[in-house]
Amino acid sequence: MKHFMHRYCTPLTAGLFAVSAVSGVALFFHWSSATFHRMHEWLSMLLLAPFALHMVKNWKPLLAYAKRRTLMIPLALSLVVAVPFAFTAGKGRAGNPAFQTLALMTRATLEDLAPILKVPPQDLLKQLQTRGYKASSTRDTPSDIATASAVPANEVLFALMPAAKPARRD
């Protein structure tokens, strides 16, 4: 184990940190967020293992930093920088607007969704009933129908969406 830690722990930590840094920068600038979001989350979690091994391997030098108090200044600065982000997270922006829109649409009645989907409310009701959902009125919401049908609300909402038209080939 000592040989493994000595040979691979720091390079693995550095490699995963580099990937995490690149994906973090991409997320910060909103470059291909869908591509980088999940990768950043998972690789950051994976980074914890080599980081822990790196800490074990370098425990004595870490204690020496602590005794000389040179560890305290970087830790304190890190905390000072992190705390404001923790307290302001989500203020002013409530998250991904696509997720918010989906949540709002699941609470709208079929009558309210009809003009958005460009389909008469009665047709939406028939469409759901044909697909086996327990919908009884155009005043029902996808959430109501989902509860009655024992399925997730977004499934009902997706069932209301028009079928994608195949791409034309010339």
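Check the entry above for the structure.
Throughout what follows, the structure given in this document is the object of discussion. (Residues numbered from 1 in each chain as written. Predicted model: local features only at pLDDT ≥ 70, side-chain atom pairs only at ≥ 80, totals over all residues. Heavy atoms only, no water.)

A few words now on the environment of C9. Within the secondary structure layout, C9 lies in helix α1 (residues 2–28). For C9 and H54, which are 45 residues apart along the polypeptide, the C-alpha to C-alpha distance reads 5.7 Å. If we skip the residues at most four places from it in the chain, C9 touches F4, P50, L53 and H54. (Helix = DSSP H or I, 4+ residues; strand = E, 2+ residues; numbered from the N terminus. Contact = heavy atoms within 4.5 Å.)

Attention now moves to unusual backbone geometry. Even without a glycine there, the phi angle at R69 is positive, about 65 degrees. By the element assignment, R69 lies in the loop between α3 (59–67) and α4 (72–88). The exposure class of R69 is exposed, given its relative accessible area of 62%. (Buried < 20%, exposed > 50% of the residue type's maximum accessible area, 1.4 Å probe, protein only.)

Moving on, we come to the packing of aromatic side chains. Taken as a whole and assessed by the stated rule, the structure comprises 2 aromatic pairs. Measuring from ring centre to ring centre gives 4.9 Å for F28 and F29, while their planes differ by 90 degrees; the resulting arrangement is edge-to-face. Overall, F28 belongs to the exposed group, its relative accessible area being 62%. For the ring pair F29 and W31, a centre distance of 5.0 Å and an interplane angle of 20 degrees mean the geometry is stacked. Residue classification places W31 among the partly exposed positions, given a relative accessible area of 49%. (Phe/Tyr/Trp six-rings, centres within 6.5 Å; stacked < 30°, edge-to-face > 60°.)

It is characteristic of soluble globular proteins that their nonpolar side chains tend to be buried jointly. Ranked by size, the top nonpolar core spans 17 residues in total, and within it L110, L113, L128, Y133, I145, V156 and L160 carry the most contacts. Secondary structure elements with two or more residues in this core: α6 (110–117), α7 (121–130), α8 (142–149) and α9 (153–160). L110 has contacts with P121, L124, L125, L128, S137, T138, D140, I145 and L160, leaving out every residue within four places of it along the chain. (Core = buried A, V, L, I, M, F, W, Y, C linked by side-chain atoms within 4.5 Å.)

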